[in-house]
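# Observations on the three-dimensional arrangement
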Amino acid sequence: LSKSPITKTARIQSNPLNMYLTKVKGMDESVNNFCSIGIIEILSSKWGQLQESAQFNYMFEVEWLIDKYPPCFRHLPMLLVHQDKRETTAQLEAETAPYGNIDLAKARLNDAFGTHHTKMMLLRYEDTLRVVIHTANLIEQDWREKTQGVWLSPLFPLFKEDEEPRDKSPTKFQTDLILYLRSYKSKAVDHWCELLKKYDMSEAKVFIIGSTPGRHTGADLHKFGHMKLRKILSSNHATCENVQANWPVIGQFSSIGSLGAKSEAWLQGEFLQSLGTTPKRFTAFTKPPLKLVFPCVEDVRNSLEGYKAGGSLPYSDSTHQKQLYLTKFLHRWKSDKKGRTRASPHIKSYFRVSPDMKQIHYAVLTSANLSKAAWGGLEKQSSQLCIRSYELGVLFLPKIFGQQDTFVVSDGLVVDGDGEKDPISFPVPFDLPLTRYGDEDQPWRWDVCYKSIPDSHGDVWIPS
Ligand SMILES: O=C(O)c1cnc2c(C(=O)O)cccc2c1O
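Structural notes, computed from the coordinates. (Residues numbered from 1 in each chain as written. Predicted model: local features only at pLDDT ≥ 70, side-chain atom pairs only at ≥ 80, totals over all residues. Heavy atoms only, no water.)

### Overview of helix α7 (residues 225-233)
What sets the pattern is the α-helix's 3.6 residues per turn: residues three or four places apart point alike. For α7, the buried fraction is high: 8 of the 9 residues fall into the buried class. Buried within α7 are the following residues: Gly-225, His-226, Met-227, Lys-228, Leu-229, Arg-230, Ile-232 and Leu-233. (Buried < 20%, exposed > 50% of the residue type's maximum accessible area, 1.4 Å probe, protein only. Helix = DSSP H or I, 4+ residues; strand = E, 2+ residues; numbered from the N terminus.)

### Regarding the layout of surface pockets
Here the largest pocket is characterised by a volume of approximately 990 Å³. Surrounding the largest pocket, 43 residues form its lining, Phe-113, Thr-115, His-117, Ser-255 and Ser-371 being those nearest its centre. Among the secondary structure elements, those contributing two or more residues to the lining of the largest pocket are α11 (372-375) and β20 (377-379). Of the residues in the lining of the largest pocket, the class split is 13 nonpolar, 20 polar and 10 charged. (1 Å grid on protein atoms, 1.4 Å probe; cavity = no way out; pocket = protein on both sides within 12 Å on 5 of 7 lines; lining within 4 Å. Points joined across faces, edges and corners; volume = space filled by probe spheres on them. Nonpolar A, V, L, I, M, F, W, Y, C, P; charged D, E, K, R; others polar.)

### Examining the pattern of salt bridges
Counting across every chain of the model gives 23 salt bridges. Notably, a salt bridge pairs Arg-215 with Glu-379, separated by 3.0 Å at the nearest N-O pair. With Arg-215 in strand β13 (residues 214-217) and Glu-379 in strand β20, this residue pair connects regions lying 164 residues apart in the sequence. A relative accessible area of 25% means that Glu-379 is categorised as partly exposed. Between Lys-223 and Asp-220 there is a salt bridge whose closest N-O contact spans 3.9 Å. (Salt bridge = Lys/Arg side-chain N within 4 Å of Asp/Glu carboxyl O.)

### Re the site of the ligand
What surrounds the ligand is the set Tyr-58, Met-59, His-117, Lys-119, Asn-137, Gly-311, Ser-312, Pro-314, His-346 and Trp-446. Within the side chain of Tyr-58, an N or O atom sits 3.4 Å from an oxygen atom of the ligand. Between the ligand and His-346, the relevant distance is 2.9 Å, taken from an oxygen atom to a side-chain nitrogen or oxygen of the residue. Compared with its free state, where it exposes 370 Å², the ligand has 79% of that area covered by protein. With respect to the pocket detection grid, the ligand is positioned in the largest pocket. Of the residues belonging to the shell around the ligand, the class tally is 4 nonpolar, 5 polar and 1 charged. (Near = heavy atom within 4 Å. Polar contact = N/O pair within 3.5 Å; in protein donor to acceptor, adjacent residues only side chain to side chain. Areas by Shrake-Rupley, 256 points an atom, 1.4 Å probe, with all protein chains shown as cover. Sits in = over half its atoms within 2 Å of the grid points.)

Below you can see the structure in the form of structure tokens.
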């Protein structure tokens, strides 16, 4: 500290947002002390006596997962909700066969382009229930040396006997989560819908932003994907005196889909229209600046995992060649202030920030990458939204957390102020201001050879 200018340590509330980044192995403790959590802590018995749990995800290592539960919980009923693909089902049936307490539920997909990306834990204790919405697969690699995001709900209490069960959340969290779960049309998932109804979720302060496969129209047009986000951002929940049309939108993700031949086709069209929505009626919608954060080849090569980190960044060269316009929006993965530059991102996060990058109008933590399959594509004169994948995320709006107008961006040096009036800083996973790609920087693509410079392990990358 003697070297750096004495930055004032702002009094900022510790973590009223319950938003965490995953711990990184091998980093010194200062990195893992700031808003960080690991899977063992999430599943710890310190929260109560677990009764049963459900794990929604894309990739599972069953033995590794069981081992992350406290020994006394490993025999309890567990439901694994996975995508309805032959090889996934076969693998999970084989891996769960030795365990009598694990059931499987398929998330049916309408087409081959959809995936069950959603990552959620439902944890029922004796008289409380917790919802965990996050970005990590249930495999060891995803929790070791990456930057992932985790939102922990409060421990919701059961309604009292004489209480009328209803959604007391200020954000309709319970209603929207159950609506999303009903879309699986699965008996095992419906069991959890019935359970969720029994809990008082008045302390849930985030909005659910879910995606479920289908063509959503009429009353459903604003229920999922980027249209749900547009609806909330145009409501008075999102009122913000400070926000202006020139406030940039930032998107950060670990994969990119086919977005169309021109940026106006979807990215700077309906997608930016939704993420740039505010309750203010600006004159004809003026597009806010759009800034995208996706690792370049050098970011991957220098990461803790080396080129192998790129195995979880499935952006294909054939897709990139069809949308070279993306490069001008791209920024590097840089997180020096949190000591996480080398912890490759698998988190997905979206923000609207002030031009000086000191104020945050909203934040989204989600499983959704930058793709139409995840966020949806409008069809039929914008009368229906076509979504291919299951996704789940949460939206943080300052007003719901009692903030005057915006969240602040902390410079990492904060004291845990717990005064209600202290400003809340959002743990933005990457450094602000952003770092543009250099002229020689290329976006990582997982099907390209990188063999001229070895990575931090001395390896090269030669995709099979
Ligand atoms: O987290 C996820 O939901 C997710 C989904 N898909 C992939 C793919 C693929 O779809 O081929 C390849 C590598 C990593 C992932 C991944 O991490």
